[in-house]
Amino acid sequence: MLYGKRIRLRGNERSDLPKFVEWLNDPQVRHYLSMSMPISQVSEEQWFENMLKRPSEEQSLGIEIKEGDGWRLIGNCELFDIKWRARSAEVGLFIGDRSFWNQGYGTEVMRLLLRHGFGTLNLNRIFLHVDPENVGGIRAYQKAGFIQEARLRESVFRDGKYCDDLIMSVLRSEWTPEK
Ligand SMILES: CC(C)(COP(=O)(O)OP(=O)(O)OC[C@H]1O[C@@H](n2cnc3c(N)ncnc32)[C@H](O)[C@@H]1OP(=O)(O)O)[C@@H](O)C(=O)NCCC(=O)NCCS
């Protein structure tokens, strides 16, 4: 488990999949994710099997928040495409339960993944892709320490038009561990 102030990140279980199918078919959740087709339970099971074959550092992690005496799953995240020679990795997340948006959880997940990526995995650069219109996402990433490093012009086709794609990153030298 990776523990933050209000959250923990844990390995995914097969029993998480029905929630992922529900969330990833929610138009508002998937709007800025690079998903164009509806998600089925069987395709999610296939994703899960493939995910388990990845190196342990690249396996995806459930985002849980404390609820009473237990924990409640609200989303998922991962570090992936780790390039060990460059010590660079991409990061992605979604909070599938929309009732938990804008409460600081996305920021906390990113801070925890940066701590894990830099402090434990010894990475040097962690980056992500984000839609320029995903204002909440960009704000969360900035709060966690990401800065915009590139704008890929008209590199995405969505909702009948070409859209720009932002790349944001944090370098190890810019990252300040939280006390
Ligand atoms: C993007 C996402 C992870 C952000 O998580 P979150 O928990 O809502 O983020 P946080 O609460 O930590 O931060 C969001 C910030 O944006 C602000 N915000 C949200 N919408 C805003 C808007 N329209 N205008 C201005 N600020 C906005 C919030 O107020 C908050 O800032 P604050 O804490 O300074 O008030 C979440 O919305 C999500 O999973 N979305 C669907 C999937 C997705 O887009 N994934 C990311 C792909 S790159």
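Up top is the structure.
For the structure given in this document, a descriptive report is provided here. What you see as residue numbers is a count from 1 along each chain, following the sequence as written. Where local features are concerned, this predicted model is filtered to residues with pLDDT of at least 70; where side-chain atom pairs are given and counted, the filter is 80 or more; whole-chain, interface and lining totals use all residues.

1. Points about the overall build of the protein
Next up, step 1: Along its length, the protein carries five helices and eight strands.
Next up, step 2: Put simply, DSSP H or I for four residues or longer makes a helix, DSSP E for two residues or longer makes a strand, and each gets a number counted from the N terminus. For the protein, the sequential pattern of α-helices and β-strands runs β-β-α-α-α-β-β-β-α-β-α-β-β.
Next up, step 3: As defined in this context, the radius of gyration uses C-alpha atoms, and a globule is described by 2.2 Å times the residue total to the power 0.38. Scaling as 2.2 N^0.38, a compact globule of 179 residues should have a C-alpha radius of gyration of about 16 Å, and the protein matches this with 16 Å.
Next up, step 4: Buried residues are those with 20 or more other C-beta atoms within 10 Å of their own C-beta, exposed residues have 12 or fewer, and partly exposed residues lie in between; C-beta atoms are placed from the backbone. Split into buried and exposed, the 179 residues of the protein put 23% on the buried side.
Next up, step 5: Throughout, a residue-residue contact means that the two C-beta atoms, derived from backbone geometry, are no farther apart than 7 Å. Expressed as a percentage of contacts within the protein between residues at least 6 apart in sequence, the contacts between residues at least 24 apart total 56%.

2. Side note on the pairing of strand β8 (residues 161-171)
Where a strand is regular, its side chains alternate between the two sheet faces.
Next up, step 1: In this scheme, strands are said to pair when DSSP sees at least two bridges between them. Pairing of strand β6 (residues 125-130) with β8 involves six bridges; the strand directions are antiparallel. Its bridge partner being in β8, R125 is matched across the sheet by L171.
Next up, step 2: When strand β7 (residues 147-158) meets β8, the two strands line up antiparallel, connected through eight bridges. Opposite R158, over in β8, you have K161 as the bridge partner.
Next up, step 3: Hairpin connection, β7 to β8: the antiparallel pair is bridged by two residues, and D159 has positive phi, about 55°.

3. Structural notes on unusual backbone geometry
Next up, step 1: With phi around 45°, E154 is a residue other than glycine that occupies positive phi space.
Next up, step 2: Mapped onto the elements of the fold, E154 is located in strand β7.
Next up, step 3: Phi is positive for D159, which is not a glycine, with a value near 55°.
Next up, step 4: The topology assignment puts D159 in the loop between β7 and β8.

4. Structural notes on the packing of helix α1 (residues 17-24) against helix α3 (residues 41-52)
Next up, step 1: To get an axis, fit a line to the C-alpha atoms, keeping to the stretch in contact for a helix; angles then go from 0 to 180 degrees between the N-to-C directions. Interhelical geometry of α1 versus α3 gives an angle of 120° and a closest axis separation of 9 Å. Relative to α3, the element α1 lies oblique. Relative to α3, α1 is oriented so that their crossing is right-handed. For the pair α1 and α3, contact is made by L17, P18, F20 and V21 and by Q41, E44, E45 and F48, respectively. In what follows, roughly perpendicular refers to angles from 65 to 115 degrees, roughly parallel to angles under 35, roughly antiparallel to angles over 145, and oblique to any angle outside these ranges. Take the far helix as the reference: if the near one is turned anticlockwise from it by less than a right angle, the crossing is left-handed, and if turned clockwise, right-handed.

5. A look at the nonpolar core
Next up, step 1: Only buried residues count toward a nonpolar core: Ala, Val, Leu, Ile, Met, Phe, Trp, Tyr and Cys, linked into one set through C-beta atoms within 7 Å. Judged by nonpolar contacts, the single largest core of 29 residues is most densely connected at I63, C77, V109, M110, L113 and L114.
Next up, step 2: Taken together, the elements giving at least two residues each to this core come down to β2 (7-11), β3 (61-67), β4 (70-83), β5 (88-95), α4 (105-120), α5 (135-144) and β8.
Next up, step 3: Here this core takes seven residues from α4, the largest share from any one element.
Next up, step 4: Residues in contact with C77, not counting those within four places in the same chain, are L9, S60, L61, I63, G92, L93, V109 and L113.

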